[in-house]
Amino acid sequence: LKKIVGDKLESVSGKDNQATRFYLGLTGALDHLSRLCLFYAERAGEMIDASTPANDGYLSDVRNALLNISEAAPSSFLEAVQLTHLYALISGSNNYGRMDDYLAPFYARDTRSGELDDEKTILILSSLWERINERKIIWDGRVIIGGRGRKHREDADELALLIMETTRRVQDVLPQLTLRCFEGMEQTLFDKALEVLGTGNTYPMLYNDDVNIPAAMKVFMVDEQTAKDCIPFGCGEYVIYHRSFGTPSGVVNLLKNLEVVLHKGIDPLTGRHAGTNQSQGSETGSFENLYKAWSRNLEHYIYLLALQEKFEYDFAGKTSPFLFLSLLFDSCIDKGKAIFDGGVDHLGGTLETYGNTNTADSLLAIKKLVFEEKRLTLAELVDVLDANFEGYEKIRKDCLDVPKYGNDEDQADAMMKRVHEDVCVMTMKMSEKAGLDSYLVVNINNNANTILGRFTSASADGRLSKTSMANGNTPSPGMDKNGATALLNSLVKMRSDIHAGASQNIKFSKEMLNRYLPMTKALIQTYFKQGGAQLMLTVVGKEDLEKAIQNPENYPNLLVRVGGFSARFVELEKDVQLEILQRTLY
């Protein structure tokens, strides 16, 4: 890197311009990284002097690794892992990319020379896993393994097995280990993934390259080779590996938008104006007019959120060159520009959507109960919702009895599909208006389905006021009543080629990944063959969750998948715990 940057600096020698200052900054950044390595090498030496002889060997290896990478490229697996960790810290990068691929050459070289065996590899990785956990970056910390497009597939597959074994042994909320699957992959990887999940781990998450690569080609408008380098990061949003940037900066509550439209542009919980002049939903004479009012109001906010994202990038570009990130994004050095000052190839925006499922189920309930069966007027339904169904238990039962998404039921799934596609397409169109290369929905979820639910009144799907909304694009808790196959059939109806990531959370019993493992394996593989893009599993017993709420001190290490991140169940807020408990257990 010093050679590359030095040559670029020499090519603009004598010019006092932006590129010159940028290259000088990069040179200083690399010098600082070298000094950082020497600083920690000195600390390691002090630890050796104060340690017992039994620890001297490993500490000496660490010190020597730090000394070597202070002035040269890594030449061993330990040096490569050490540099990975330090670079992530100093750059501010919260995600770790395709780790099995970029570490594979070092792993293979050290293994063949006899310098490294499986246990030593796991020891080094375990230490890295502990350091990642110490960063507390629970919405990030992605480590990607597997998938098409790797340069060192065979060696990477061997290392990927040890990476999964490390996660099995360490078993914590980070790193967010992610396995990219595809037709023809090494089956031992898939089998190992299911084994690790069966221990109660929430990792690895499973992604389907055969669906996601064509989807990435379409939404990012890139060729297949480039799309193979699209990876999930953070809670699950896609980026083009070291070529694009696009992280959620906007959040929109689709159910709140419907609530505002039903109240003529007023938030019923605050009494404040919260919509456009087009939010006259309760005066419409048809369901389609109501749906159009909901769409127009939503479009207004999505446009503002797209502008916000572009403003943030512009401000970041004027404020800081982000030198360490700019060093490793492909085009920044060639262009002589920092990442947010024109250096990155693809500057995209993403918008988190919440309440998708509740909105679709509510719209179907309104369509059937108000406009088709005419059991009550829209105004009467709004009064029922404002009363939080108190005194209207029969109407709530009618709302709950309307078909719900997640049961492979045509009406409900069709409404969910309509909402999903309209919101995604509406968001995609904002990229040109905002001046971004892309602006895409990410239905990735974290715990905001619960947080935003606290500020959302009762809805026509039967949900009570200020309670959690459904997680990601999965069904409302307890509403998927036709089994796991029906649920997965509903999931695959949602298009994957019009957004930048969606989360599918499913809660399996321990028996599913142990006693019924062959059936579960076939179920997941069939789901992927039919177009499933992703799957995140929490393997737990319902009784464990209930007991953990009652006696948290007895369950400190019970891990659950919240949304786009994992957590220790006992550390979550009570309403988040209850939302997870209420999810259907298969």
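Residues numbered from 1 in each chain as written. Predicted model: local features only at pLDDT ≥ 70, side-chain atom pairs only at ≥ 80, totals over all residues. Heavy atoms only, no water.

Quick look at empty space enclosed by the protein
Condition: A cavity here means a set of points on a 1 Å grid, drawn over the protein atoms and nothing else, where a 1.4 Å probe fits but cannot get out; a pocket is an open set with protein on both sides within 12 Å along at least five of seven lines, and a residue lines either one if it has an atom within 4 Å of a point. Grid points are joined across faces, edges and corners, and a volume is the space filled by probe spheres set on the points. Numbering goes from the N terminus for both helices and strands, where a helix is a DSSP run of H or I of at least four residues and a strand is a run of E of at least two. Classes in brief: Ala, Val, Leu, Ile, Met, Phe, Trp, Tyr, Cys and Pro nonpolar; Asp, Glu, Lys and Arg charged; the others, Gly included, polar.
As enumerated under the stated definition, the model contains six cavities of 30 Å³ or more in all. Estimated volume of the largest cavity: approximately 150 Å³. Considering the residues around the largest cavity, the lining is formed by 17 residues, among which Thr474, Pro475, Asn505, Arg583 and Thr584 are closest to the centre. Broken down by element, the lining of the largest cavity gets its largest block of residues, three residues, from strand 10 (residues 505-508). Size it by volume and the second largest cavity reaches roughly 110 Å³. Lining the second largest cavity are 17 residues, with Asn473, Met494, Ser496, Gln504 and Ala533 positioned closest to its centre. Across the lining of the second largest cavity, the residue classes tally to seven nonpolar, nine polar and one charged.

Considerations on the environment of asparagine 445
Note the following rule: Burial classes: relative accessible area under 20% of the type maximum marks a residue as buried, over 50% as exposed, and values in between as partly exposed (1.4 Å probe, protein chains only). Contact criterion: two residues are considered in contact whenever any of their non-hydrogen atoms come within 4.5 Å of each other.
Considering the arrangement of structural elements, one finds asparagine 445 in the loop between strand 9 (438-442) and helix 21 (448-451). For asparagine 445, a relative accessible area of 1% puts it in the buried group. Taking C-alpha positions, asparagine 445 is 26 Å from threonine 276, a pair spaced 169 residues apart along the chain. Those residues in contact with asparagine 445 that lie beyond four places of it in its chain are Cys235, Tyr354, Ala470, Asn471, Gly472, Ser503, Gly563 and Gly564.

Digging into the pattern of salt bridges
Going by this rule: What counts as a salt bridge is simple: a side-chain nitrogen of Lys or Arg found within 4 Å of a carboxyl oxygen of Asp or Glu.
Applying the stated criterion across every chain, the model contains 41 salt bridges. A salt bridge links glutamate 288 to arginine 418; the nearest nitrogen and oxygen atoms lie 2.8 Å apart. Here glutamate 288, found in helix 12 (residues 287-319), pairs with arginine 418, found in helix 19 (residues 410-428); they are 130 residues apart in sequence, far enough to count as distant. On the basis of relative accessibility, which here comes to 34%, the residue glutamate 288 falls in the partly exposed class. Judged by its relative accessible area of 28%, arginine 418 falls in the partly exposed class. Where salt bridges share partners, they join Glu119, Glu165, Arg168, Arg169, Lys192 and Glu195 into one cluster.

Description of the packing of helix 5 (residues 99-113) against helix 7 (residues 153-170)
Defined as follows: Lines fitted to C-alpha atoms define the axes here, with helix axes fitted over just the stretch in contact, and angles between the N-to-C directions of these axes take values from 0 to 180 degrees. These descriptions rest on fixed angle ranges, namely under 35 degrees for roughly parallel, over 145 for roughly antiparallel, 65 to 115 for roughly perpendicular, and the rest for oblique.
Where helix 5 contacts helix 7, the two axes come as close as 8 Å, and the packing angle between them is 95 degrees. For the element pair helix 5 / helix 7, the angle class is roughly perpendicular. Every residue of helix 7 that contacts helix 5 at Met99, Asp100, Asp101, Leu103, Ala104, Tyr107, Ala108 and Arg112 is listed here: Asp155, Ala156, Glu158, Leu159, Ala160, Leu162 and Ile163. The class makeup of the residues in the contact of helix 5 with helix 7 is ten nonpolar, no polar and five charged.

Topic: the environment of leucine 513
Counting through the fold element by element, leucine 513 comes out in the loop between strand 10 and helix 23 (517-529). Taking relative accessible area as the criterion, leucine 513 reaches 2% and is therefore assigned buried. With 315 residues separating them in the primary sequence, leucine 513 and glycine 198 have C-alpha atoms 4.8 Å apart. Contacts of leucine 513, omitting those with residues within four sequence positions, involve Leu194, Leu197, Gly198, Phe508, Thr520 and Val539.

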